[in-house]
Each structure stands twice: as structure tokens, then as C-alpha cells.
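Here's the letter readout for the chains.
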Amino acid sequence: MAARTNSAPRSNRVLVISLVVIAALVAVLVGGELFVRHRVKTCMADQFESQLGSQVDVGLSWKPVLLQSIDKNVPYITIDSDDTKFGPAQGMQVHAQVNDIRIENTANSSGTIGSSDADVTWSTAGILATLQQQAFGSLISGVTADSSAGTLKFSVGPAGLADLTVKPQIVNGTVKVDTVGAAILGFGLPTDLVDGVVQILTSSLQTYPLGMQPTALKVTDDAIEITLEGGAYTMPAAPTQQQQQEQLSSCGLLV
């Protein structure tokens, strides 16, 4: 009877020790996962900030980064930016998802992606700020959007003395901006001004990161909304050896 009595406390001690060890291992794994996720998010942000021209917030997929370090495959990341610049554009908001990422730092590449998609919103406030940075910008006093007509109207001169109306639309996979109307008291606006506005809008909506192309465009009551899609893409190498070394140090587990 005494032997059975003594065995019970020993069993309890073994159970307690086992639970403590398991809890410690879980804590180490969770702590390691959080640490590595932070480093990889920083690395990914560095990779894509150069593509988007602004600071970005990166979200990682559900897959544990420690597991990703074994199979070298990142299922996807999400990217959010509130001040993206495509060409001369200012104030673009972007929400993107990049799929099947492999960080592979070489002399010619910093990695590859399988596909990507993005939703871009360019507000009338951002459009106005972009145009007012140009040489003719002091002439543009306001921008309004007409969702029913799919057009943008620019007020020109003091008190909106003149109007310039344009219509952006996708033609053969690129955004084209057509002049719908341009008049001041019944007379045409200067050609240089009209061409300047159209050129800035077109160049802002012409080139996108990661090889993405516009597939849909909609004018809302206060913005242009564009849907982008992209296929396989090779990311360019970091411009300097120091930047490559910094990316390797933070992304090393995925290389």
C-alpha cells in the first residue's frame, strides 16, 4: 500500500514537469514566430516600398513564418499604402495582395512573385494636389468628379472662370484620358494648358508596379478607382550592395 501511495505523488510531479516543459516550448515557438514575423514584415516592406514610392504596411499570410523558412514559400502578403506615387501622382491609396513570393537575392533579382492584384483610389484632392505641383498648377482651382458621366471637371482660373472636362477610361489595357470639353466664356482654353492636364493625368495612370495592368476603372463622386492585376514578376535587385546585405539580414530565413 505504501508503494502505491508514493507512486501517486511521483506521477503528479512528472505530469507537472511535462506540462511546464510543453508550456516553455510553446512560449519559445510563439516568441520566435513573433520575432521572425516582425523581421520578415520589415524586409517585405523594404522590398515593396521602392516599388510603390512610399511607406507601406505589410500583412503576412496565416502560414507560420518558421514553416515558410523550411519550404521557402510565402503564400501571400497584403500591402497597404495611403500615399503611393505612380509617376507624378500624389495621394493615391493602394490595397494590394502579392502571391507566391520567393525572396532570392542575386546579382540581378531580389526575388519573384507569382501574381498580384490591387485596388487603387486616387481622390479628387490628390488629383488637385498633383496638378498644382505643375508649372501651370496655379491656374487649377478645383476638381470635381461626375460618377454618372465618368468624367472629371477642372475649374480653371479665379472663381472657376473656365472648365476643363476629361474622361479617363481603359483602352487596350492602358488608361487613356480624353478631353470632353474645354471652354472659357464660350472660347477654347489654351492648348498648352489642356495638353498639360491630360499629360499629367495620363502619366499618373500609365505605369504601375510589379508589372500590373489596369483591368477596370470607375469614376466615383470623389475619386478615380482602378483595379490592377499582374502575373509572374521578377523583382529587381537592390540598387546597392549595402541594401542587399540589409535585406539578407532581415529576410535571411526565407532565402
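Residues numbered from 1 in each chain as written. Predicted model: local features only at pLDDT ≥ 70, side-chain atom pairs only at ≥ 80, totals over all residues. Heavy atoms only, no water.

A look at the overall build of the chain
Rules: Helix and strand labels come from DSSP, where a helix needs a run of H or I of at least four residues and a strand needs a run of E of at least two; each type is numbered from the N terminus. Remark: exposure states derive from per-residue accessible area (1.4 Å probe, protein chains only) relative to the maximum for the residue type, with buried under 20%, exposed over 50%, and partly exposed in between. We call two residues in contact whenever any of their non-hydrogen atoms come within 4.5 Å of each other. Areas reported as accessible are Shrake-Rupley estimates using a 1.4 Å probe. Residue values count occlusion only from the protein chains shown.
Of the regular secondary structure elements, the chain holds five helices and 13 strands. When each of the 255 residues of the chain is scored for burial, the buried share is 39%. For the chain, restricting intrachain contacts to residue pairs at least 6 apart in sequence, the fraction spanning at least 24 positions comes to 53%. Of the roughly 13500 Å² of accessible surface on the chain, 56% is carried by carbon and sulfur atoms.

Description of the packing of helix α3 (residues 124-132) against helix α4 (residues 191-204)
Just so we agree on the cut-off: What counts as an axis is a line fitted to C-alpha atoms, over the stretch in contact for a helix, and the angles between N-to-C directions run from 0 to 180 degrees. In these notes the angle categories are as follows: under 35 degrees is roughly parallel, over 145 is roughly antiparallel, 65 to 115 is roughly perpendicular, and the rest is oblique. Crossing handedness: left-handed means the near helix sits turned counterclockwise from the far one by under a right angle, and right-handed means the same turn made clockwise. Charged means Asp, Glu, Lys or Arg here, nonpolar means Ala, Val, Leu, Ile, Met, Phe, Trp, Tyr, Cys or Pro, and polar covers whatever is left, Gly included.
Running from amino to carboxyl end, α3 crosses α4 at an angle of 120°, the nearest separation of the two axes being 11 Å. Considering their axes alone, α3 and α4 lie oblique with respect to each other. Relative to α4, the crossing made by α3 is right-handed. Contacts from Ile127, Thr130 and Leu131 in α3 reach Val197, Ile200, Leu201 and Ser204 in α4. Here the residues of the contact of α3 with α4 sort into five nonpolar, two polar and no charged.

Comments concerning α3
When we look at burial in α3, the residues that qualify are Thr124, Gly126, Ile127, Leu128, Thr130 and Leu131. Turning to α3, the residues buried within the fold contact β5 (115-123), β6 (140-146), β7 (151-156), α4 and β12 (223-230).

So, the environment of Val166
Assignment of secondary structure puts Val166 in strand β8 (residues 162-171). Residues Val166 and Ala145 lie 21 residues apart in sequence; the distance between their C-alpha atoms is 9.9 Å. If near-sequence neighbours (up to four positions away) are discounted, Val166 is found in contact with Thr151, Leu152, Phe154, Val177, Asp178, Thr179, Val180, Val198 and Leu201.

Re the nonpolar core
Inclusion rule: Put simply, buried Ala, Val, Leu, Ile, Met, Phe, Trp, Tyr and Cys residues joined by side-chain atoms within 4.5 Å make one nonpolar core.
Formed by 52 residues in total, the largest nonpolar core has its most connected members in Met44, Ile77, Ile127, Ile140, Phe154 and Val197. Considering each element in turn, this core owes the most residues, six residues, to α4.

With respect to the environment of Gly150
Structurally, Gly150 is set in the loop between β6 and β7. A relative accessible area of 11% means that Gly150 is categorised as buried. With 70 residues separating them in the primary sequence, Gly150 and Thr220 have C-alpha atoms 7.6 Å apart. Apart from residues lying up to four places away in sequence, Gly150 is in contact with Lys167, Pro168 and Val219.

Quick notes on the pattern of salt bridges
Heads up, the rule is: Salt bridges are defined as contacts in which a side-chain nitrogen from Lys or Arg sits within 4 Å of a carboxyl oxygen from Asp or Glu.
Per the stated rule, a full pass over the model turns up two salt bridges. For Glu225, the salt bridge goes to Lys218, with nearest N and O atoms at 3.7 Å. Owing to a relative accessible area of 48%, Lys218 belongs among the partly exposed residues under this scheme.

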